[in-house]
Number of protein chains: 4
Amino acid sequence: MVVILKKGTSKEELERISRGIQRFGVKVSPVIGEELIILGLIGDTSKLDPKTIEANECVERVVHVQEPYKRANRMFKPHDSIIDVNGVKIGGGHFGLIAGPCSVESEDQIIGIAQAVKKSGANMLRGGAFKPRTSPYSFQGLKDEGLDLLLKAKKETGLPIVTEIMSTEYLERFVEDVDVIQVGARNMQNFELLKELGRTKKTILLKRGLSATIEELLMSAEYIMAGGNEDVILCERGIRTFETYTRNTLDISAIPVIKKLSHLPVVIDPSHSAGKWWLVEPLSKAAVAAGADGLIIEVHNDPENALCDGQQSIKPSKFDKLVDDIRLIAQAMGKTI
Amino acid sequence: MVVILKKGTSKEELERISRGIQRFGVKVSPVIGEELIILGLIGDTSKLDPKTIEANECVERVVHVQEPYKRANRMFKPHDSIIDVNGVKIGGGHFGLIAGPCSVESEDQIIGIAQAVKKSGANMLRGGAFKPRTSPYSFQGLKDEGLDLLLKAKKETGLPIVTEIMSTEYLERFVEDVDVIQVGARNMQNFELLKELGRTKKTILLKRGLSATIEELLMSAEYIMAGGNEDVILCERGIRTFETYTRNTLDISAIPVIKKLSHLPVVIDPSHSAGKWWLVEPLSKAAVAAGADGLIIEVHNDPENALCDGQQSIKPSKFDKLVDDIRLIAQAMGKTI
Amino acid sequence: MVVILKKGTSKEELERISRGIQRFGVKVSPVIGEELIILGLIGDTSKLDPKTIEANECVERVVHVQEPYKRANRMFKPHDSIIDVNGVKIGGGHFGLIAGPCSVESEDQIIGIAQAVKKSGANMLRGGAFKPRTSPYSFQGLKDEGLDLLLKAKKETGLPIVTEIMSTEYLERFVEDVDVIQVGARNMQNFELLKELGRTKKTILLKRGLSATIEELLMSAEYIMAGGNEDVILCERGIRTFETYTRNTLDISAIPVIKKLSHLPVVIDPSHSAGKWWLVEPLSKAAVAAGADGLIIEVHNDPENALCDGQQSIKPSKFDKLVDDIRLIAQAMGKTI
Amino acid sequence: MVVILKKGTSKEELERISRGIQRFGVKVSPVIGEELIILGLIGDTSKLDPKTIEANECVERVVHVQEPYKRANRMFKPHDSIIDVNGVKIGGGHFGLIAGPCSVESEDQIIGIAQAVKKSGANMLRGGAFKPRTSPYSFQGLKDEGLDLLLKAKKETGLPIVTEIMSTEYLERFVEDVDVIQVGARNMQNFELLKELGRTKKTILLKRGLSATIEELLMSAEYIMAGGNEDVILCERGIRTFETYTRNTLDISAIPVIKKLSHLPVVIDPSHSAGKWWLVEPLSKAAVAAGADGLIIEVHNDPENALCDGQQSIKPSKFDKLVDDIRLIAQAMGKTI
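A quick note: this is a predicted structure, and the numbers were derived from the prediction, not measured. (Residues numbered from 1 in each chain as written. Chains lettered and ligands numbered in written order. Predicted model: local features only at pLDDT ≥ 70, side-chain atom pairs only at ≥ 80, totals over all residues. Heavy atoms only, no water.)

## A word on the overall build of chain A
Along the backbone of chain A there are 11 helices and 14 strands. C-alpha extents for chain A along the principal axes are approximately 75 × 45 × 40 Å. Split into buried and exposed, the 337 residues of chain A put 66% on the buried side. Entry remark: accessible area of chain A is about 11,800 Å², with carbon and sulfur atoms responsible for 47%. Side-chain charges in chain A split into 44 positive and 46 negative, and the spacing between the mean points of these groups amounts to 2 Å. (Helix = DSSP H or I, 4+ residues; strand = E, 2+ residues; numbered from the N terminus. Buried < 20%, exposed > 50% of the residue type's maximum accessible area, 1.4 Å probe, protein only. Areas by Shrake-Rupley, 256 points an atom, 1.4 Å probe, with all protein chains shown as cover. Lys, Arg positive; Asp, Glu negative; His and termini not counted. Charge placed at Lys NZ, Arg CZ, Asp CG, Glu CD.)

## Some remarks on the packing of aromatic side chains
This model, assessed by the stated rule, comprises 15 aromatic pairs over all chains. Seen in terms of ring centroids, Phe 130 of chain A and Phe 174 of chain A are 5.8 Å apart; in terms of plane orientation they differ by 45 degrees. Their pairing is tilted. Linking Phe 130 of chain A in the loop between strand E8 (124-126) and helix H4 (144-157) with Phe 174 of chain A in helix H5 (residues 171-177), this pair joins segments that are 44 residues apart in sequence. Consider the rings of Tyr 245 of chain A and Trp 278 of chain A, whose centres lie 6.5 Å apart with planes at 65 degrees: the pair is edge-to-face. Of the two residues, Tyr 245 of chain A is situated in the loop between strand E12 (232-236) and helix H8 (254-261) and Trp 278 of chain A in the loop between helix H9 (270-274) and helix H10 (280-289); the sequence distance between them amounts to 33 residues. Taken together, Phe 130, Tyr 170 and Phe 174 of chain A form an aromatic cluster joined through their ring pairs. Over the face of the ring belonging to Tyr 137 of chain B we find Lys 70 of chain A, whose NZ or CZ atom lies 4.9 Å from the ring centre. (Phe/Tyr/Trp six-rings, centres within 6.5 Å; stacked < 30°, edge-to-face > 60°. Lys NZ or Arg CZ within 6 Å of the ring centre and 35° of its normal.)

## Observations regarding the sheet that holds strand E1 (residues 2-5) of chain C
Residues and elements named next belong to chain C. Taken in spatial order, the four strands make up an open sheet running E2-E3-E1-E4, and their pairing is antiparallel. Sheet topology places strand E2 (27-32) and strand E4 (59-63) at the edges, where each strand pairs with a single neighbour. Ignoring which end each strand starts from, the neighbouring axes of this sheet average 20 degrees apart. In the sheet, E1 pairs with strand E3 (residues 37-42) via four bridges, with the strands oriented antiparallel. Pairing of Ile 4 across the sheet is with Ile 38, part of E3. Sheet contacts for helix H1 (residues 11-22): E1, E2, E3 and E4; angle to E3, the most-contacted strand, approximately 15 degrees. (Pairing = 2+ DSSP bridges. Axes fitted to C-alpha atoms, helices over the stretch in contact; angles between N-to-C directions. Contact = heavy atoms within 4.5 Å.)

## With respect to the nonpolar core
Grouped together as the largest cluster of nonpolar side chains are 310 residues, with contacts concentrated most on Phe 319 of chain A, Phe 319 of chain B, Phe 319 of chain C together with Phe 319 of chain D. In contact with Phe 319 of chain B, not counting residues within four places along its chain, are Leu 97, Ala 99, Val 117, Ser 120, Ala 122, Ile 297, Val 299 and Ile 314 of chain B. (Core = buried A, V, L, I, M, F, W, Y, C linked by side-chain atoms within 4.5 Å.)

## Quick look at the interface of chain D and chain C
Between chain D and chain C, the residue contacts involve 51 residues of the former and 51 residues of the latter. Summing both sides of the interface, chain D and chain C together bury roughly 4,300 Å²; the carbon and sulfur share of this comes to 48%. In terms of surface lost to chain C, no three residues of chain D exceed Lys 51, Tyr 137 and Glu 304 of chain D, which account for 14% of the buried area on that side. The tally of links between chain D and chain C comes to six salt bridges. With a shortest N-O distance of 2.7 Å, Glu 216 of chain D and Arg 240 of chain C are connected by a salt bridge. On inspection of chain D and its partner chain C, the count reaches 21 residue pairs in polar contact (both at pLDDT 80 or more). Breaking the side of chain D that touches chain C down by element, the ones donating at least two residues are helix H2 (50-54), helix H6 (191-198) and helix H7 (214-226) of chain D. (Buried area = accessible area lost by both parts, 1.4 Å probe. Salt bridge = Lys/Arg side-chain N within 4 Å of Asp/Glu carboxyl O. Polar contact = N/O pair within 3.5 Å; in protein donor to acceptor, adjacent residues only side chain to side chain.)

## A short note on the relation of the copies chain D and chain C
Of the two same-sequence chains, chain D is brought onto chain C (RMSD 0.0 Å, axial shift 0.0 Å) by a rotation of 180 degrees. With respect to symmetry, the two chain copies, as superposed, fit the operation of a two-fold axis. Ranked by how close their C-alpha atoms come to the rotation axis, the residues of chain D are headed by Ser 211 of chain D, at 2.9 Å. Here 100% of the contact residues of chain D are again contact residues in chain C; the copies associate through an equivalent surface. (Least-squares fit on C-alpha atoms with pLDDT ≥ 70 in both.)

## Quick word on the interface of chain B and chain A
Counting from both sides, the interface comprises 51 residues of chain B and, opposite them, 51 residues of chain A. Between chain B and chain A the total buried area reaches about 4,300 Å² when both faces are included, carbon and sulfur atoms providing 48% of it. Inspection of the chain B/chain A interface yields six salt bridges. As a salt-bridge pair, Arg 16 of chain A and Glu 304 of chain B come within 3.3 Å of each other at their nearest N and O atoms. Across the contact surface, chain B and chain A share 21 residue pairs in polar contact (both at pLDDT 80 or more). Contributions of two or more residues to the side of chain B that touches chain A are made by helix H2 (50-54), helix H6 (191-198) and helix H7 (214-226) of chain B. At five residues, H7 of chain B tops the list of elements feeding residues into the side of chain B that touches chain A. Taken together, the residues of the side of chain B that touches chain A break down into 17 nonpolar, 14 polar and 20 charged. (Nonpolar A, V, L, I, M, F, W, Y, C, P; charged D, E, K, R; others polar.)

## Re the packing of helix H3 (residues 107-120) of chain B against helix H4 (residues 144-157) of chain B
All names here are of chain B. One can describe the packing of H3 onto H4 by two numbers: an axis separation of 9 Å at closest approach and a directional angle of 35 degrees. Viewed along their axes, H3 and H4 form a crossing whose handedness is right-handed. On the side of H3, the interface is formed by Glu 107, Ile 110, Ile 111, Ala 114, Gln 115 and Lys 118, while H4 contributes Leu 149, Leu 150, Lys 152, Ala 153, Glu 156 and Thr 157. Grouping the constituent residues of the contact of H3 with H4 by class yields six nonpolar, two polar and four charged. (Left-handed = near helix turned anticlockwise from the far one by under 90°.)

## Some thoughts on the pattern of salt bridges
Pairing of side chains with opposite charge becomes possible as their charged atoms draw close. For the coordinates displayed, the defined rule picks out 86 salt bridges over all chains. In this structure, a network of salt bridges that share partners links the residues Asp 144, Asp 148, Arg 173 and Asp 177 of chain A.

## Details of helix H7 (residues 214-226) of chain A
For an α-helix, 3.6 residues make a turn, and residues three or four places apart therefore share a direction. Residues and elements named next belong to chain A. Here H7 contains 13 residues, and its C-alpha end-to-end distance of 18 Å stays within 8% of the 18 Å for a straight helix at 1.5 Å per residue. Across the 13 residues of H7, 11 count as buried, placing the element largely inside the fold. Turning to H7, its buried residues are Ile 214, Glu 216, Leu 217, Leu 218, Met 219, Ser 220, Ala 221, Glu 222, Tyr 223, Ile 224 and Met 225. Considering only its buried residues, H7 is in contact with helix H6 (191-198), strand E11 (203-207), E12 and H8. At the exit of H7 stands Gly 228, carrying a positive phi of roughly 115 degrees. (Expected span 1.5 Å × (residues − 1).)

## Let's talk about helix H1 (residues 11-22) of chain A
Residues and elements named next belong to chain A. With 12 residues, H1 ought to run about 16 Å at 1.5 Å a step, and its terminal C-alpha atoms sit 16 Å apart, in line with that. Every buried residue of H1 is listed here: Leu 14, Ile 17, Ser 18, Gly 20 and Ile 21. Considered in projection along H1, the buried side chains sweep an arc of 160 degrees and stay on one side of the axis. Exposed positions of H1 whose direction lies more than 90 degrees from the buried face are Lys 11 and Glu 12. (Arc of directions from axis to C-beta.)

## What to know about the environment of Val 266 of chain A
Residue and element names in this part refer to chain A. By the secondary structure assignment, Val 266 is in strand E13 (residues 266-268). In sequence terms Val 266 and Lys 335 are 69 residues apart; their C-alpha atoms lie 15 Å from each other. Those residues in contact with Val 266 that sit more than four places away from it in its chain are Leu 234, Ile 258, Lys 259, Ala 292, Asp 293 and Gly 294.

## Some points on the side chain of His 272 of chain B
Residue and element names in this part refer to chain B. Secondary-structure assignment places His 272 in helix H9 (residues 270-274). At 3.4 Å, the side chain of His 272 forms a polar contact with the side chain of Glu 298. For His 272, the side chain forms a polar contact with the side chain of Gln 312, separated by 3.3 Å.

## Digging into the domain arrangement of chain A
Segmenting chain A into domains produces domain 1 (2-63) and domain 2 (74-332). Here domain 1 of chain A and domain 2 of chain A have C-alpha centroids that lie 43 Å from each other. (Domains from an automatic or database assignment.)

## Digging into a negative patch on the surface
Residue and element names in this part refer to chain C. There is a patch of like negative charges on the surface, built from Glu 12, Glu 13, Glu 15 and Glu 57. Mapping Glu 13 onto the fold places it in helix H1. For Glu 13, a relative accessible area of 30% corresponds to the partly exposed category. (Patch = residues over 30% accessible without salt bridge, like charges linked within 9 Å, V, L, I, M, F, W, Y side chains within 5 Å.)

## Comments concerning the environment of Ser 284 of chain D
Residues and elements named next belong to chain D. By the secondary structure assignment, Ser 284 is in helix H10 (residues 280-289). A C-alpha to C-alpha distance of 19 Å links Ser 284 and Pro 303, two positions 19 residues apart in sequence. Each residue touching Ser 284, except ones within four places of it in the same chain, is listed here: Pro 270, Leu 295, Ile 297, Leu 322 and Ile 326.

In structure tokens:
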């Protein structure tokens, strides 16, 4: 950490600030120039609160030097994490292809789609049982019944199931029945939920919040990992910007940035990023080319009558072709899907 | 609702779409031009999902005409809501002046600040017992002990207490002891929490999410109100933009916009908006001039040693002067604080 | 400037970087810790390009300590600049009330509005002769004829005129006839235009770009001032964010922030910020309460038939009442309008 | 165009509005429901100003149905435009690989880099002679001398040259000597410059503004095309968002979106998007996979001592490898680079 003091800071103030910092066992090394005084802090600064230091009137600015996350940090674990979900691996060269409908709607629907996407090459099944909806008057998911249907589809196809949790209330059931517990964008900083998930042994798919920085996403992963659960898959699903043509703006740079900063696998959700079915294909290809470890794609056999988000779902035949295309791109990059 | 079809849509498609919509008891009135076909939908469209309609390839766009919120909508309740918190009124000309520290730290601290802000004119006390922190390694609040200390400060001063809930797990205790339950920006779309709060009789202070539109804020209020609890105070606390000099960008226009769209009271949090103590004063004045129903301000007797957010807290003496200043502005607008 | 080196930087690299920096006459003071090496740079760093330093692989980050603007910087001129426009002062307690139509449309229109706003208290007249329009097919202003009409209105009322320049091609005419030359948001970083304006003696009203940071706005002012023209008025007119209810988001914090960083006067354009006429009043009040040095407001006698931006214009009667209201707020703050 | 009237609009107002619209030769077809009145406008609405219509108090909202650009619109020219720059084609399956330094610095530098990038496969040479810099005190380019050096490099290598114009003042020289005239992001809405370029016969590379929507980018292209110059290449170079880790956020979705809306070729600038050299490779690959028609990449033989933007430049060896990689991806997509 580096503390920059205001021009004209007195010797007394400099000493007072330094003493305050040293109390936390941190060494203070001052650089005194005509125009500025810089304090280089040496040692474990994790207990210092930069905002409290900045509350001193003589402090111009506090600069973080090290990333505030540890367990999620590539510096502390140089090799890619490989996460094993019932035998399906993701990360470190293993590609996770997660597909399925926005919402589970019926037994026929979920089993039909599960069989179709498996045949095309998907290795996990997604499907919402509990749906976060902006309006209290919209369809909120089949809930427990939706989980039951996902289990049936898993039994039929063998695909591990990925579904979203919205509250700690259902945690026990999710731990029992779900293979990958998804935390939605709106709950990325629901810290109580993250802490509870950190106490489980389940793989967590953590979606980036609509206006969360990459560092904040990694800090939310850190919440889970700090509890002892290191099986976290990160998911970029579009951020909120001024552009309104697309529902969100897919931050494609997040893939190489996260892979540089962290050892955790990164998957892309092209369906929610774009909000339009015809963008799923080019965004999926771009994600693979940029180095993503997986994709999570909405597939629906009847998007025009889907109970939610039909607009961004593709049909199974489209998905089948998409998998062929991204396989070629993966090959061009020396990878296998 | 208005459905705009693509140029070249066939008569068959037009009829298919119309039949699909009519099935929901909605009348379809088509306007057929050379370049476009528009369907005006007449009747109760609340059960139609615009995204599903947009999933049809012949649909160009669906345009909402009416706001999707009802109970929060000024159209359904033209007069300002006045919310009564243990005798302290807010809304409809009554000004809520909520002040106190970011975090409750000790008995001396919270009682000292409570007495000081009351003397200056505050009519409610804020203070965090459960703190949402980006880092799992930061101070997370005194929790139950913090609530105990807030109760002591309430007993000493008579000020109703406002504090943040982070999980339904603590709901019972909050309903028992807290006067205004705050939902933080990060939980604005924690729908399960909102639903639970809708079942209580407590006043809820609902903060706008960092990247939530005004409509989304009102939809979150609708979640609470749909459950039967109409005592919701809305809070603008800065939105996330590209400008980095301030921590967030206070959306001052949100005050008149919300007051036009809704009957609910709006308060401003200048401390979190700016992230700098010297901006609290001008932003508070601007909020009053723009018609806010209240302010929620961080006051700390020792910001430089505060356990969190010291940088944005002002001292009691500064708060005292601030109240004098905003009283004058309120008077100039024909209001009383 | 502070240079932070990556962990594990070798002594050789440290020396190579240091020598590179010292070549610019800057002293390098290294702070060497276990986890990081910090170089404090002492002396005149204005010739160092931080991006070139950051291009070295061993450099983690370069941190600016001093603001990159000089003439616009309050550190170099502690007192508020007072700018005199033909006897009308703005800044340092003097309030500039600029009003008039979006576009000059006819002699009757501009003279009628000029007389009305003068009677209400305006001390400068605005009106577009050259209009920047998103579409090449929209009305682009009366151009030279518009300037002629503005001059007539000035002759009738004595009000100095404020109008936008779009190209250096017309500079001579503007210098001859216009009192305050406005640079629109879209041209805030048209550096060639800024340089030319820096060579004139005219007052420049510089509008903040839609996505320009406050620092970038001050750097654009610096371009003008570096040429020798110090008469710059800054204008906040709303920034682009994700919120779509308002056309732009008025960054009210920009007022106190700019006034802290710079000695230049700051005016607010509530008409363009909001894009809706009924927001002009509350935003104007908020601007005065936050300490703005002036307002620039669109007033039109017939907004429903205006040739541009009718939606955000208020009528003269509304403007008259608005001036009364903001006078009271100014008084409450110990100021005079 | 669709005009939505407010609930409770009287018959008289409805007729007044309709007459106002009909005066422009547009047919008005009203849809009258209990809760709303919708006016479907049929005919050529290009002369109607939606903002003036919205200035009527009884108007709730005006909805555009058709894109406001014509010549840039794919509806009016279904096939991809192929632009020929001295024999180098771009668009419609032809890939433009533009490479070179941020700034032209010396004869050795520019000829050396030109030869290197040509050998690797580049088919055009970029290099700044006039540099838009945020600070008036930064290096602003070699100007005329820079253009001379670019011409020498062109003579040596045969590569057409791409360089940025900053003012109409230099237009004659650019038309004489430059093959592709670049309009920078900051000048995307410098409408006077666009109009002048529309009168030339030169190919224009139009960069998207930092906060410009895709529609605004296409409207700026329309300015050039409306003047008679249809040779416009669009360039996505990152937009400004809240994320600060990358300098800008590359909007990868802009590629398929622009290709759907327009027939013009789209190139990606991964260097400016990211601001970090190690992101150039993954972003280039993603751009090719998403269907870009070209890339414009900063290559410098000595980034650590470059006179500008060293941080985002890659060395020729890195560029050579990058071209090999993207060739494989292009092949996987059935294309040739």
